[in-house]
Amino acid sequence: MTDLIPLICLLVLLPTCAGLIWTDLRSGILPDWMNALVAASGFVQAAWADLQDALWTAAAALAVGAALLLLRRLYFIARGRQGLGLGDVKFLMAATFWTGLAGLPILLLMATLSALAMVLVLYSTGRQLSGQTALPFGPFLVGGLLAVLVLRASGLDMTL
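The following paragraphs examine the structure supplied in this document. Not measured: the values here are computed from a predicted model.

### Regarding the packing of helix α1 (residues 4-27) against helix α5 (residues 138-153)
So, step 1. Orientation of α1 relative to α5, taken along the N-to-C sense of each, is 160°, at an axis distance of 8 Å. As summarised for this structure, α1 and α5 are arranged roughly antiparallel, according to the angle between their axes. Our pair here, α1 against α5, has a crossing hand that is left-handed. Mapping the contact onto sequence places Leu13, Leu14, Cys17, Leu20, Ile21, Asp24 and Leu25 in α1 and Gly138, Pro139, Val142, Leu145, Leu146 and Leu149 in α5.
So, step 2. Classifying every residue of the contact of α1 with α5 by side-chain character gives 11 nonpolar, 1 polar and 1 charged.

### Structural notes on the state of the cysteines
So, step 1. Counted under the stated rule, the structure contains 0 disulfides.
So, step 2. As a non-bridged cysteine, Cys9 has Cys17 as the owner of its nearest cysteine sulfur, 13 Å distant.

### Section: the side chain of Asp24
So, step 1. Here Asp24 is to be found in helix α1.
So, step 2. Of the side chains with opposite charge, Arg26 comes closest to the buried, unpaired Asp24, at an N-O distance of 11 Å.
So, step 3. A polar contact of 2.9 Å, which involves the side chain of Asp24, links it to the backbone nitrogen of Gly138.
So, step 4. Apart from residues no more than four positions distant in its own chain, Asp24 is found in contact with Ile29, Leu30, Pro136, Phe137, Gly138 and Pro139.

### Describing the packing of aromatic side chains
For any pair of aromatic rings, the description consists of the separation of the ring centres together with the inter-plane angle of the planes.
So, step 1. Counting across every chain of the model gives 2 aromatic pairs.
So, step 2. Here the aromatic rings of Phe43 and Phe97 are separated by 5.9 Å at their centres, their planes lie at 90°, and the arrangement is edge-to-face. Taken as a pair, Phe43 in helix α2 (residues 32-49) and Phe97 in helix α4 (residues 86-124) lie far apart in primary sequence, 54 residues in all.
So, step 3. Judged by its relative accessible area of 28%, Phe43 falls in the partly exposed class.
So, step 4. Phe97 gets classed as buried once you look at its relative accessible area, which sits at 14%.
So, step 5. Each ring, one from Phe137 and one from Phe140, has its centre 6.4 Å from the other, and the planes form 40°; the classification is tilted.

### Here's the deal with α1
So, step 1. For α1, with 24 residues, the first-to-last C-alpha span of 34 Å sits near the 34 Å given by 1.5 Å per residue.
So, step 2. Of all the positions in α1, only Ile5, Cys9, Leu13, Thr16, Cys17, Gly19, Leu20, Thr23 and Asp24 are classed as buried.
So, step 3. Here the buried face of α1 lies against α2, α4 and α5.
So, step 4. Phi turns positive one or two residues past the end of α1, at Gly28, with a value near 75°.

Conventions used here
Residues numbered from 1 in each chain as written. Predicted model: local features only at pLDDT ≥ 70, side-chain atom pairs only at ≥ 80, totals over all residues. Heavy atoms only, no water. Axes fitted to C-alpha atoms, helices over the stretch in contact; angles between N-to-C directions. Helix = DSSP H or I, 4+ residues; strand = E, 2+ residues; numbered from the N terminus. Parallel < 35°, antiparallel > 145°, perpendicular 65-115°, else oblique. Left-handed = near helix turned anticlockwise from the far one by under 90°. Contact = heavy atoms within 4.5 Å. Nonpolar A, V, L, I, M, F, W, Y, C, P; charged D, E, K, R; others polar. Disulfide = S-S within 2.5 Å. Buried < 20%, exposed > 50% of the residue type's maximum accessible area, 1.4 Å probe, protein only. Lys, Arg positive; Asp, Glu negative; His and termini not counted. Salt bridge = Lys/Arg side-chain N within 4 Å of Asp/Glu carboxyl O. Polar contact = N/O pair within 3.5 Å; in protein donor to acceptor, adjacent residues only side chain to side chain. Phe/Tyr/Trp six-rings, centres within 6.5 Å; stacked < 30°, edge-to-face > 60°. Expected span 1.5 Å × (residues − 1).

Next comes the structure, spelled out in C-alpha cells:
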C-alpha cells in the first residue's frame, strides 16, 4: 500500500502529459483541467511522502507562477506580443509539485535545449523562421518534466 499512492499519481501524470503534448501541438493550448491533474497528482504524491514539504512546494509553485506572470508581462511590454502562454505558466506551476524548486532549472534547461534543437531541425529542412514564428512550448516543457523525473529515478540528487 505504501508504494501504491505514488504509482497511482504517476499513472495519472503520464497519460495527462501525453494529452498535454497532443493538445498543444493540435490547438496551441494547455488545458486548465490537464494542468490541474498534473498539479493534483504532484501534490498528492508529495504529500504522501511529507505533508509539510508538500505545503512548502505549494508555496513555491505559487511563487513560480507569480514570477512567470511578471516575466510574461515584462516581455509583452518590451516586445508588444506574448512570448509565453498562460497554459505554459500554469503547467510550470503544476510541474513544480513534481520537481520542487530544485528540479525546475533542469526542466527549463531540457525544454529550452530541445526547443532549440527543433528550431535547428526546422531551419535545416528549409522552413522559414522569424521572430514572429510561433512554436508550441508545452511539449518541450512536458519533456523537461519527464526528463527530471527520469533523472531523479536514476539517482541524481537535485536538492538545494
